[in-house]
Amino acid sequence: MSTTACNSVLASVTVLSIGRVENGGISRLPAAVRAWRFPWFSNATGVRNPVGLIVCLIVLMMLAVTSPAADQVNLVRNGDFETIAGDGMPDQWRASGDSRLVEQELSVDVGRDGGHCAKLHCRHFEHKNAACHAMLSQMDVPLKRGQSYRLTFLAKGSNIAADTVSIAISDTRQWSNCGLNAALVPTVEWRPYEFIFRATRDCPKGSRLQLWFTSTGTLWVDDMVLMPAGRDLVRPGVVIGPGTTANLVPNGSFECGTTGWGSAEWDRLQHWGGPMNRLFGTIDTGQSRQGRRSLRIELTPENQPVSYFDYYDLYRTPIKAPLAANAGFLEVEPGRPYVLSAWMKAAAPDTPARMAVRQFAGGSFDEAVRLSTEWQRHETKFTPNQRWCYVLAGPDLIERSGKAPPPKQATVWLDGVQLEQATGATDFHPRQPVELGIETGSVGNVFDWNEPLRFQLAVSGAGLQQEVAATVELQLTDFFDREVWRKAISLQVQAGATAERVVELLPDPGRRGFLKLHAVLACGDVRTEHSMRLAAIPVYAGDDSRFGVNHAYPWPHLLDLCRKAGLMWVRDWSLKWQTVEPEKGQFDFTETDYQIDRPLKHGLKVLGLLPFPSSNWASTAPATERSGGSYEVRRGVVAYAPRDETEFAHYVARTVSYHEDRVRWWQVFNEPVFTSYSLPRARGYTAADYARWTKVFAQAARRANPQCRILAGMGYLSEGQIMDDFEQFFAAGGLAACDAVDIHHYPRLRPPEFVEKLLDDLNAMMDRHGGRKPIWLTEYGYYADDDPSSRPMSSHGFNQPLPSERLQAAYAVRWAAIMFSRGVEKVFYHAGTCDGIDRDSLQGIFFEYAGTPHRIYAAQAVMAQLLTPELEPAGRLNLGNGVRAYVFAGRQQVVAVVWAPNG
């Protein structure tokens, strides 16, 4: 089975080739049966082989009985496109799109294996509104909320100028997505595609399954099957199976240091920006109950972790229950009794703490406990209803109504964590008699490529009865998964002790960039594998760069890692009018100071975004738009134009003046007109209205600080209506009022080369309206994760993952080279957000949990080092054969970025 066709939100799996008998009979069989080829139907002379046919029919009958898909109905009607309507189109299917601007034809063509398929051909396309698309669709595809589904089909394409084809299921009653929102990049050959998703809505009627592209071109589709999927179809990316004892938790007594442990808040965060992202706690060799080490969690008002976020409301949330959590999901049997136990003590009597279990795909069990100053074993019993979970324990100082206030600080020691299938806790045992731990001592395992790589190995014999010999095989692989170093280390491990070894590798050009350390511990019958992401990068030393992130990461260690990779800029959303002036004349920058100063303290630069044109009190939103306190309603109110230019100008001037020594660049609104953020088209606003407020903004800002710079633009850059908006904005004086033009783009799966024409068109437009200004790209991203916390990975459509991190990094370099060759000065990735332990955040783009790097992080560091702000575009080299080569030159350096898109 091939897994190379990975152009979907999930890694695609091959749909087996579909064979058909000459009379088309097999095409009526279930998809699982039709997936087989039967070469014995005909002999060499072309005469049917009756024996083979009998065998074939027996096989088909057996498959029809045993196939899990045989008793399920395909929710897509006429998914094999064999039934043809009277108009020559496939029955139950239709083409959709604005017929005034899109000339398309839906017909039946020859499928991959001789039957029929759908063919959608678009010969003329103009991108003027949301209905401008060539679309193959089917109505009333029933879905049940919470149910997982698998959609499979075959597709190919020809001359699709947009490169990508989008696929979704939408509820047309409210125009809401139903859970499937993805894309594919069809090739000229038939390829299989698979999408797995969970329905977010009940939609028995009114749903629309749709595949569409926004350009000319031709798409063929065949053998589409949509069926409910089993509950375990979505599963963790990392599953920890049972060891040799009843305990399922690796390194449960911390004899291997912090390996396999992180932290997760039990607090209920109200924002999506930043759960805890690294271990809060240290190894204590002076206190232990099992073995010689424990985990010490000291929580005080001075060291309390604080989660920040700048959108929509401002968040500065102290974490009051930082629980230690194991990394990876433990495999359990649903319906069976389990008990989580741990030895715990505290520095003060009656210290509140909590033990908990979180299940994959939702649901948790927890129990509050009170700790004494002596070691005590605590336990919580539960019966899982999911197959996978992870465990947590630690101090809990959350205030709860009706209960006595908790202490302001606490110190808790944790040891002997055990999860077992039982009705009560048994004596503690390590998961394996010998366990392996590896740490680097570097945040995120990120090194300067001029310093040694350093690994600290710990092999624990806590479960041994006698001394044994152990071997640790170490292998280092590079960005391309090629081996660049290998070593075998032999150790003698004593019973109840930990053997430690430090491995140091001197700097080597062959060990730069993204790296992965693979370790295999062999000791008798025990074999344990461990892998670790690393990066050896040129640490950025400049005071400015071309790169940044949209939103500042919420944790200090992630901001430091940004600085090292040359991600010097953050786009800050905190200075909303309603936030800094909640009542007319009542300015308060207390909370925004925390948001602005935080990245500045880490050596970063801030782009101040004033995202909305109004405050609640200054908005012209009618009363009918103000009912309710939901986020959507509140954001809708401040999206309206303000009632008074003078009040708006005063807000801008006070904000710019207050930050005069901290923020130089200011952006006028986020994604005006074409989205609902500011001056939305749906409320009657135009790009000329945006130009008017840009001019007011610029005048007020420059009066407050003549040294400030203004960034403005329509945001998203694409063909069609948005180009008309840019034209109108420039013509109405918006271009003259700003110092740089803002754009956004989320290319999803589309290769980068398409953006060159869009930039050329934008530059030509500026030429017509007074001359070019620099361009800033303040939202953009390609996304991927080779080690997801769940399979399939979920996404929001715009951040649909590419097949691999390697391709993500390559696309990012190609994208940046094209951008910088066409007048773009800054590139901001979306977004500076992260996720918690045993979860993923594709939007976090550069990091796994605890700041361990994706491959793109190393590529980004090298780009920042080479493509400095001082370099200017110096044209393209003509190397032939489709090779692209962009040259950048400065006073002391010339850099060429070269690639071949098709090979």
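In every chain, residue numbers begin from 1 and rise along the written sequence. The model is predicted, so local features are restricted to residues of pLDDT at least 70 and side-chain atom pairs to those at 80 or more, both for listing and for counting; the totals for chains, interfaces and linings are taken over all residues. Processing note: side-chain calculations cover all non-hydrogen atoms of the structure and skip hydrogens and water entirely.

To continue, consider the overall build of the chain. Helices and strands together make up the secondary structure of the chain, namely 13 helices and 45 strands. Each principal axis of the C-alpha atoms in the chain carries an extent, and together these give about 90 × 80 × 60 Å. Remark: exposure states derive from per-residue accessible area (1.4 Å probe, protein chains only) relative to the maximum for the residue type, with buried under 20%, exposed over 50%, and partly exposed in between. Evaluated residue by residue, the chain yields a buried proportion of 56% over its 903 residues. Residues count as neighbours in contact if any of their non-hydrogen atoms are within 4.5 Å of one another. Within the chain, counting contacts between residues at least 6 apart in sequence, those at least 24 apart form 73% of the total. About 36300 Å² of surface is accessible on the chain, with carbon and sulfur atoms providing 49% of the total. Taking the average location of the 93 positive side-chain charges in the chain and that of its 97 negative ones, the two points are 1 Å from each other. Secondary structure elements are taken from DSSP: a helix is a run of H or I of four residues or more, a strand is a run of E of two residues or more, and numbering for both begins at the N terminus. All accessible-area figures derive from a Shrake-Rupley calculation using a 1.4 Å probe, and residue coverage is judged against the displayed protein chains alone. Residues scored as positive are Lys and Arg, those scored as negative are Asp and Glu, and His as well as the terminal groups of each chain are ignored. Each charge is placed at NZ for Lys, CZ for Arg, CG for Asp and CD for Glu.

Okay, the state of the cysteines next. In this description, the term disulfide denotes a pair of cysteine sulfurs within 2.5 Å. Taken as a whole and assessed by the stated rule, the structure comprises zero disulfides. We note that C117 lacks a disulfide partner, and the nearest cysteine sulfur, in C122, lies 17 Å from it. Note on C117: relative accessible area 0%, which makes it buried.

A few words now on the sheet that holds strand β28 (residues 453–460). Ordered in space as β26-β28-β31, the three strands form an open sheet in which the pairing is antiparallel. Bordering the open sheet on either side are β26 (435–439) and β31 (498–505), each of which pairs with just one other strand. Here the average twist between neighbouring strands, direction ignored, is 20°. Strands are labelled as partners when DSSP assigns at least two bridges between them. Examined bridge by bridge, β26 and β28 share five bridges and lie antiparallel to one another. Between N-to-C directions, angles span 0 to 180 degrees; the directions come from axes that are lines fitted to C-alpha atoms, helices contributing only their stretch in contact.

As a further point, take the pattern of salt bridges. A carboxyl oxygen of Asp or Glu within 4 Å of a side-chain nitrogen of Lys or Arg is what we treat as a salt bridge. What the rule picks out here adds up to 49 salt bridges. Linking R482 and D478 is a salt bridge whose minimum nitrogen-to-oxygen distance equals 3.0 Å. Using a relative accessible area of 49% as the deciding quantity, one classes R482 as partly exposed. Overall, the relative accessible area of 7% leaves D478 in the buried class. The closest approach of N and O atoms between R527 and E529, which form a salt bridge, is 4.0 Å. An identical accessibility class is assigned to R527 and E529; each is exposed. Three or more residues joined by partner-sharing salt bridges are found here, namely E756, D760, R822, R876 and R884.

Attention now goes to the pairing of strand β8 (residues 191–198). Most of β8 sits inside the fold, with six of its eight residues counted as buried. Pairing of strand β5 (residues 148–158) with β8 involves eight bridges; the strand directions are antiparallel. Residue pairing across strands places R150 opposite I196, the latter belonging to β8.

Turning our eyes to something else, we now look at the sheet that holds strand β14 (residues 282–284). Reading across from one edge, β14-β15-β25-β20-β23 is the order of the five strands in this open sheet, with antiparallel pairing throughout. The outermost strands of the open sheet, each flanked by one partner alone, are β14 and β23 (376–382). Strand after strand, the sheet turns through a mean of 35° between neighbouring axes, direction not considered. By the bridge criterion, seven bridges tie strand β20 (residues 338–346) to β23 in an arrangement that is antiparallel. Across the sheet, residue V339 finds its bridge partner in β23, namely K381.

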